[in-house]
Amino acid sequence: MSIADNLLKYKKELEDSSAKLVAVSKFHEASEIMEAYNIGQRVFGENIVQELVDKQAELPKDIEWHLIGHLQTNKVKYIAPFIALIESVDSEKLLTEINKQAAKNNRVIDCLLQVYIADEETKFGLSFDEVIELLRSDNFQNFKNIRIVGLMGIATNTESEKQIRDEFQELKVLFEGIKLSYFRNEPSFKELSMGMSADYKLAVEEGSTMVRIGSNIFGKRVIKHFKAE
Ligand SMILES: *Cc1c(COP(=O)(O)O)cnc(C)c1O
């Protein structure tokens, strides 16, 4: 199946759900992204800043880029001018820098707080307690150039459907609680980004509004720098 075929399959499958498709194009070439673009896909996710910046410069300007990987504070400045959504905010320090760089660019940058839900040590993210702590902090009230529009989480890479479902449910419960307590009057707080190639079906059933699908659309990733040819 071609990239276009894969994409059309997902579009159709997600049509009746509330989930929007983020096509995760990391490690794939600009030409492959164009194949998706040419049949109407506009939302793409990348996880490495340098790769994202190079692709943004090269590709059509109406692409909505999401950063989905861990972001170092010293790299925020490179994406602040154009990024549509930073899905991977995992500290107050990072948020402070995003706010600062957004202000420099006269922008308000949409962000998701990445919440740690997996039973794995390698995954970045805030704990449930840290999310609450962050939202209650004095600092947070002063961030005028960021808008928190929801939460993101990555489930454990496991065969256990029950475990994955439990993790998505926990995130959904946190999301609803936070919405009531901190964003009651902000309809823009509405995104729950969960689900990847292996578990998006479960995620959609558990209330995902944004699935991040890479390998099922673009094929297996070859780990290399994307321009290394
Ligand atoms: C790579 C990545 C994805 C996509 O993973 P696939 O298994 O290829 O669909 C989704 N979310 C994040 C945070 C990623 O880093």
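Just so it is clear, the structure is predicted and the values come from calculations on it, not from any experiment.

*Asks:* Describe the site of the ligand, naming the residues involved and giving the relevant values.
*Replies:* Within the structure, the ligand sits among Val24, Lys26, Ile68, Ile154, Met196, Ser197, Arg212, Ile213, Gly214, Ser215 and Arg221. Note that an oxygen atom of the ligand is positioned 2.8 Å from one of the backbone N or O atoms of Gly214. Measuring from an oxygen atom of the ligand, one finds a side-chain N or O atom of Ser215 at 2.7 Å. Across the complex, the protein chains shield 89% of the 390 Å² of accessible surface that the ligand would expose by itself. Broken down by class, the residue content of the shell around the ligand amounts to 5 nonpolar, 3 polar and 3 charged.

*Asks:* Talk me through the side chain of Arg212; I want residue IDs and the actual numbers.
*Replies:* Residue position: Arg212 is located in strand 8 (residues 210-213). Of the side chains bearing the opposite charge, Glu87 lies closest to the buried Arg212, which forms no salt bridge; the N-O distance is 4.3 Å. At 3.4 Å, the side chain of Arg212 and the backbone oxygen of Gly153 are in polar contact. For Arg212, the contacting residues outside a window of four places in its chain are Val22, Val24, Ile68, Glu87, Met152, Gly153, Ile154, Ser193, Met194, Gly195, Met196 and Ser197.

*Asks:* Which residues make up the pairing of strand 2 (residues 43-46), and what are the values?
*Replies:* Alternating residues of strand 2 divide into Val43 and Gly45 and Phe44 and Glu46, and every residue in both groups is buried. Pairing of strand 1 (residues 20-24) with strand 2, which is carried by 2 bridges, proceeds in the parallel orientation. Counted as the bridge partner of Val24 is Gly45 from strand 2. The parallel pair strand 1 and strand 2 is bridged by helix 2 (residues 30-37), and the resulting crossover is right-handed. By the bridge criterion, 4 bridges tie strand 2 to strand 3 (residues 64-67) in an arrangement that is parallel.

*Asks:* Go over the environment of Gly153, please, and point to the residues and values.
*Replies:* Turning to its location among the elements, Gly153 is positioned in strand 6 (residues 146-153). Contact partners of Gly153, with chain neighbours within four places excluded, come to Val115, Ile117, Leu171, Ser193, Met194 and Arg212.

*Asks:* Got a sec to walk through helix 8 (residues 161-182)? Specific residues and values, please.
*Replies:* Between its first and last C-alpha atoms helix 8 spans 31 Å; for 22 residues at 1.5 Å apiece the expected length is 32 Å, and the two agree. In the core, the buried residues of helix 8 are packed alongside strand 5 (109-115), helix 6 (128-136), strand 6, strand 7 (191-194) and helix 9 (200-205).

*Asks:* Would you mind going over the pattern of salt bridges in detail, with residue names and values included?
*Replies:* Taken as a whole and assessed by the stated rule, the structure comprises 12 salt bridges. Here Lys100 and Glu97 are joined by a salt bridge, their closest N and O atoms 3.9 Å apart. Residue Lys100 and its partner Glu97 are both found in helix 5 (residues 92-104); the two are separated by 3 residues, about one turn of the helix. A residue is classified by how much of its surface remains accessible, and Glu97, at 17% relative accessible area, is buried. Salt-bridge contacts for Glu191 lead to Lys190; the nearest nitrogen and oxygen are separated by 2.8 Å. Salt bridges sharing common partners tie together Glu161, Arg165, Glu205 and Glu206.

Definitions and limits used
- Residues numbered from 1 in each chain as written.
- Predicted model: local features only at pLDDT ≥ 70, side-chain atom pairs only at ≥ 80, totals over all residues.
- Heavy atoms only, no water.
- Near = heavy atom within 4 Å.
- Polar contact = N/O pair within 3.5 Å; in protein donor to acceptor, adjacent residues only side chain to side chain.
- Areas by Shrake-Rupley, 256 points an atom, 1.4 Å probe, with all protein chains shown as cover.
- Nonpolar A, V, L, I, M, F, W, Y, C, P; charged D, E, K, R; others polar.
- Helix = DSSP H or I, 4+ residues; strand = E, 2+ residues; numbered from the N terminus.
- Buried < 20%, exposed > 50% of the residue type's maximum accessible area, 1.4 Å probe, protein only.
- Lys, Arg positive; Asp, Glu negative; His and termini not counted.
- Salt bridge = Lys/Arg side-chain N within 4 Å of Asp/Glu carboxyl O.
- Contact = heavy atoms within 4.5 Å.
- Pairing = 2+ DSSP bridges.
- Right-handed = clockwise from strand over helix to strand, strands pointing away.
- Expected span 1.5 Å × (residues − 1).

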